[in-house]
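One-letter residues, chain by chain:
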Amino acid sequence: MSEPLLEIEDLRVRFRSDEGVVSPVNGVSFQVHEGETVAVVGESGSGKSMTSLSILGLVPAPGEVYDGSIRLQGEDLTKMKRSQMRKLRGNEISMIFQEPMTSLNPVFTIGNQMIEVIRLHQKLDKTESIQQAVTMLDLVGIPEPERVLKQFPHQLSGGMRQRVMIAMALSCNPKLLIADEPTTALDVTIQAQILNLMKELKDELNTGVILITHDLGVVAEVADRVVVMYGGEVVEEATVDEIFNHPVHPYTKGLLASVPKMTGPVEELGAIKGSVPTPSEMPTGCKFHPRCPIATDLCKQVHPQLEETTPQHFKRCFHTEGGVKHDEHERSTIS
Amino acid sequence: MRFFLTSVIKIIPVLFIISFIVFFLVRLTGDPVSLMLPETATDQQREDLRNSMGLNDPVYIQYLNYMADVVRGNFGDSYKYNEPALEIVLERLPASFTLAISSMVVATLIAVPAGIYSAIKRNTFIDVVITGSSVLGKAMPNFWLGIMLILLFAVHISIFPVSGSGTIMHLVLPSITLGTAIAAEMTRLIRSSMLEVLGAEYIRTARSKGLLETVVVNKHALRNALIPVVTIMALQTATLIGGTLITETVFSWPGMGQLLVQAVNARDMAIVQAATFIIAILVILSNLMADLTYRYLDPRIKYDD
Ligand SMILES: Nc1ncnc2c1ncn2[C@@H]1O[C@H](COP(=O)(O)OP(=O)(O)OP(=O)(O)O)[C@@H](O)[C@H]1O
Ligand SMILES: [Mg+2]
């Protein structure tokens, strides 16, 4: 495989406060190639947003990346000067956020906010950057782009705003696009439109995409590869086909089982009991063991490593397809 | 424009109520005749004056006459200056205006950077210093600060004149006195408003675009943070006017505030009435201005009408 566009290795984020240290991201590693869409999935609080904010160097204070590396085409972003980092933001790496309602500044026009980023990173004069903004709005399927440029965010619908966000994010032709739950706040038909749009644009511009979501339906539709996160760690990583056809981690299986089926009534996340522990009360051993239906004593005591089971398929779990037997053997070796 | 018209229409009942209050306040403070005539005046003289002033008419007639005068802008003559009260008050208006504007400039120059800075450096030493100073600034009485400034910068080191008006130098100390008092409140408002805005998602978006932090703060955050500040400051115009009364008196600044204080002391009721009325109108106008500024700052308002 060619050199990856983005290479995250053993990324660790921590928040230090009077109450102590919490680490929402604990040794996350994965890669994104050019033109590839990597979905990062996991329940709320699993550290998806913190991972993506780390890439842009935007972990909110007092949080900090304290270990690991994030290399964009070989250059480590965690070691970069702020001024260098700013040249990448919105230019080489762009981000789309979850809430289209609040992600645009309410007091400036769409045009003002779009042209701002275009002029910042490209050597274009005012008319050229307006032209560029119009082109981008056109590209994301916004009718009457010239008129929309003069409008304020509150005059647009949620779907339109998210299109604007996408147009803005792509306006400088980024190599990497991070989309943090770009469709969660939108209704289903608009969701599909936005996802299709992102897919089309990615193919057209050959952008690498990190798509953060907890909606596996979305993943099936657009992702090439899937990274499953739990408790600030990657617990499974594989191609989208592998994840859907041969999931190995009980957590992934649980997530898959909780996908609402088109035929039946919508199930709650009933397949996995309990909820993600907060970073301050992470259990020892496998972080998933308190909720795992097949946890053994080994799982409670020893923290499993991420290992490759079949080529390009990684998991962080002691269990194999053979199941519990193998584990009981392992347990006897440690006790 | 429609907004402007409706606002003007809304003002009319307010003015009506104010005139009503002024009318009774003046009549509650005692018999004006006994103040206007020397103690040696005879009963006949007093009665004549009362009759000529219409004070023996029934109250509602007095009120109607008074209203008829007020509508024509006639608040009676000042007995001290022997001139129409309204004219005297209006003559003083520019001086007060100059002081108010320059104090607001001083306040803004202090409060905007201080408020922003303490917000972005929250919970650091510098934030504590700024917040502490604004508490101090609010607690410090205006007259005391004014006198201290006079002692320091006019008496000890004579950079500025002690009092009076005429040159720009005369304006400096009164503006600082009044300005710092306003700045104290304003800094606190800007700080808390900024803190709220800085956590907003559009700020994260702005940063994700690669903008300089100064642009993020001074463009994206400040513009949003100022919206509530403008409103609250406008509601404080009354406090500002209260401040001008004291500041003008301390510095002998020939404005409306000084005039009003003197008129109250001299029981020059025509002037008190006219000044009160003008002040009320100013407060209303400033609220109207705040509304307009608010609309300008927050595009969401315009379209909600
Ligand atoms: N300021 C902070 N101080 C301490 N911990 C924080 C802070 N901000 C976030 N965290 C922790 O980081 C953890 C991971 O948050 P993150 O936003 O990355 O989750 P997520 O996977 O994106 O969830 P969601 O699906 O809800 O967006 C949270 O559980 C939270 O406890
Ligand atoms: Mg998130």
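Residues numbered from 1 in each chain as written. Chains lettered and ligands numbered in written order. Predicted model: local features only at pLDDT ≥ 70, side-chain atom pairs only at ≥ 80, totals over all residues. Heavy atoms only, no water.

Chemist: Sorry, what's going on with the environment of B:Asn218 here?
Modeler: All names here are of chain B. Structurally, the position occupied by Asn218 is in helix 10 (residues 213-235). Among the residues examined, Asn218 registers a relative accessible area of 44% and is labelled partly exposed. A C-alpha to C-alpha distance of 8.5 Å links Asn218 and Ile116, two positions 102 residues apart in sequence. (Helix = DSSP H or I, 4+ residues; strand = E, 2+ residues; numbered from the N terminus. Buried < 20%, exposed > 50% of the residue type's maximum accessible area, 1.4 Å probe, protein only.)

Chemist: Can you help me understand the interface of chain A and chain B in this one?
Modeler: One frequently used descriptor of interface size is the decrease in accessible area upon assembly of the parts. Contacts between chain A and chain B engage 28 residues on the former and 21 residues on the latter. Interface area lost by chain A to chain B is led by A:Arg86, A:Val107 and A:Glu116, which between them contribute 24%. Put simply, chain A and chain B have two salt bridges between them. Across the contact surface, chain A and chain B share twelve residue pairs in polar contact (both at pLDDT 80 or more). Elements supplying a minimum of two residues to the side of chain A that touches chain B: helix 1 (48-56), strand 6 (93-96), helix 3 (110-121) and helix 6 (158-170) of chain A. (Contact = heavy atoms within 4.5 Å. Buried area = accessible area lost by both parts, 1.4 Å probe. Salt bridge = Lys/Arg side-chain N within 4 Å of Asp/Glu carboxyl O. Polar contact = N/O pair within 3.5 Å; in protein donor to acceptor, adjacent residues only side chain to side chain.)

Chemist: What am I meant to see in unusual backbone geometry here?
Modeler: Glycine aside, the phi torsion of most residues is negative, and most peptide linkages are trans. Residue and element names in this part refer to chain A. Note the cis peptide between Ala61 and Pro62, where omega equals 5°. A positive phi angle, near 50°, is found at Glu144, a position not held by glycine. Considering the arrangement of structural elements, one finds Glu144 in the loop between helix 4 (126-139) and helix 5 (145-149). The residue Asn173 is not glycine, and still its phi comes out positive at about 55°. Among the structural elements, Asn173 can be located in the loop between helix 6 and strand 7 (176-180).

Chemist: Can you walk me through the confidence of the model for chain B in this structure?
Modeler: Low pLDDT marks stretches whose predicted atomic positions should not be read closely. Residue and element names in this part refer to chain B. Residues with a pLDDT of 70 or more make up 97% of chain B, whose mean pLDDT is 86. Mean pLDDT across the elements of chain B bottoms out in helix 2 (residues 32-36) (70) and peaks in helix 9 (residues 201-208) (93). The complex prediction reports pTM at 0.82, with the ipTM value standing at 0.85. (pLDDT = per-residue confidence, 0-100.)

Chemist: What should I look at first to understand the domain arrangement of chain B in this one?
Modeler: Residue and element names in this part refer to chain B. Assigned domains of chain B: these are domain 1 (15-71) and domain 2 (92-297). If you look at the interface, domain 1 gives nine residues, while domain 2 gives eight residues. Regarding the contact of domain 1 and domain 2, the summed buried area is about 810 Å², with carbon and sulfur atoms giving 86% of it. For the pair domain 1 and domain 2, the number of links is zero salt bridges. Those elements that provide at least two residues to the side of domain 1 that touches domain 2 are helix 1 (2-28) and helix 4 (59-71). It is helix 1 that provides the largest number of residues to the side of domain 1 that touches domain 2, a total of five residues. The residue inventory of the side of domain 1 that touches domain 2, partitioned by class, reads seven nonpolar, two polar and no charged. (Domains from an automatic or database assignment. Nonpolar A, V, L, I, M, F, W, Y, C, P; charged D, E, K, R; others polar.)

Chemist: Help me understand the sheet that holds strand 9 (residues 225-230) of chain A, please; the structure alone is not making it clear to me.
Modeler: One key point about sheets: their strands pair by backbone hydrogen bonds, in either a parallel or an antiparallel sense. All names here are of chain A. On the basis of which strands lie adjacent, the open sheet formed by eight strands has the order 6-7-8-3-9-10-12-11 and mixed pairing. The open sheet has two free edges, formed respectively by strand 6 and strand 11 (307-310), since each of these has just one partner strand. Adjacent strand axes in the sheet meet at a mean angle of 20° when their direction is disregarded. Sheet analysis places strand 10 (residues 233-239) next to strand 12 (residues 313-315), joined by two bridges and oriented antiparallel. Its bridge partner lying in strand 12, Glu236 is registered against Lys315. (Pairing = 2+ DSSP bridges. Axes fitted to C-alpha atoms, helices over the stretch in contact; angles between N-to-C directions.)

Chemist: Please clarify how the pattern of salt bridges should be interpreted in this entry.
Modeler: Pairs can form between side chains of opposite charge whenever their charged atoms are close. Residues and elements named next belong to chain A. Enumeration over the complete set of coordinates arrives at 26 salt bridges over all chains. In this structure, the salt-bridge partner of Lys79 is Asp76, at a minimum N-O distance of 3.2 Å. Given a relative accessible area of 18%, Asp76 falls into the buried group. In this structure, the salt-bridge partner of Glu144 is Arg147, at a minimum N-O distance of 3.1 Å. Residue Glu144 is classed as partly exposed on the basis of its relative accessible area, which comes to 48%. Overall, the relative accessible area of 43% leaves Arg147 in the partly exposed class. A single network of salt bridges, built from pairs that share partners, joins Glu7, Glu9 and Arg71.

Chemist: Even after reading the chapter, I still don't get a negative patch on the surface, so can you show me in this structure?
Modeler: Taken together, the side chains of B:Asp77, B:Glu83, B:Glu87 and B:Glu91 define an acidic patch exposed on the protein surface. Within the secondary structure layout, B:Asp77 lies in the loop between helix 4 and helix 5 (85-120). (Patch = residues over 30% accessible without salt bridge, like charges linked within 9 Å, V, L, I, M, F, W, Y side chains within 5 Å. Areas by Shrake-Rupley, 256 points an atom, 1.4 Å probe, with all protein chains shown as cover. Lys, Arg positive; Asp, Glu negative; His and termini not counted. Charge placed at Lys NZ, Arg CZ, Asp CG, Glu CD.)

Chemist: Mind showing me how you'd approach the environment of A:Gln151 here?
Modeler: Residues and elements named next belong to chain A. Examined against the element boundaries, Gln151 turns out to sit in the loop between helix 5 and helix 6. Along the chain, Gln151 and Thr109 lie 42 residues apart, while their C-alpha atoms are 5.3 Å from each other. Leaving out residues up to four positions away in the same chain, Gln151 has contacts with Thr109, Ile110 and Leu156.

Chemist: How should the packing of helix 7 (residues 142-156) of chain B against helix 8 (residues 168-198) of chain B be read in this particular structure?
Modeler: Helix packing geometry: the angle between the two helix axes and the distance between the axes. Residues and elements named next belong to chain B. Their axes nearest at 9 Å, the elements helix 7 and helix 8 cross at an angle of 140°. Accordingly, the angle class assigned to the pair helix 7 and helix 8 is oblique. Relative to helix 8, helix 7 is oriented so that their crossing is right-handed. Touching Asn142, Leu145, Gly146, Leu149, Ile150, Phe153 and Ala154 of helix 7 are Leu173, Ile176, Thr177, Leu178, Thr180 and Ala181, all from helix 8. Partitioned by chemical class, the residues of the contact of helix 7 with helix 8 number nine nonpolar, four polar and no charged. (Parallel < 35°, antiparallel > 145°, perpendicular 65-115°, else oblique. Left-handed = near helix turned anticlockwise from the far one by under 90°.)

Chemist: Hey, could you run me through the packing of helix 6 of chain A against helix 7 (residues 188-205) of chain A in this one?
Modeler: Residue and element names in this part refer to chain A. Look at helix 6 against helix 7: their axes get within 10 Å of each other, and the N-to-C directions meet at 15°. Considered as vectors, helix 6 and helix 7 are oriented roughly parallel to each other. Here helix 6 runs over helix 7; the crossing is right-handed. Within the contact between the two elements, helix 6 uses Gly159, Gln162, Arg163, Ile166 and Leu170 and helix 7 uses Ile190, Gln193, Ile194, Leu197, Met198, Leu201 and Leu205. Residues belonging to the contact of helix 6 with helix 7 are distributed by class as follows: eight nonpolar, three polar and one charged.

Chemist: How do you make sense of the pairing of strand 10 of chain A when you look at a structure like this?
Modeler: All names here are of chain A. Most of strand 10 sits inside the fold, with six of its seven residues counted as buried. Here strand 9 runs beside strand 10; their pairing, made up of six bridges, is antiparallel. Considered in strand 10, the bridge of Tyr230 is made with Glu233. Linking two consecutive strands that pair antiparallel, namely strand 9 and strand 10, is a turn of two residues; a positive phi of about 55° is found at Gly231 within it.

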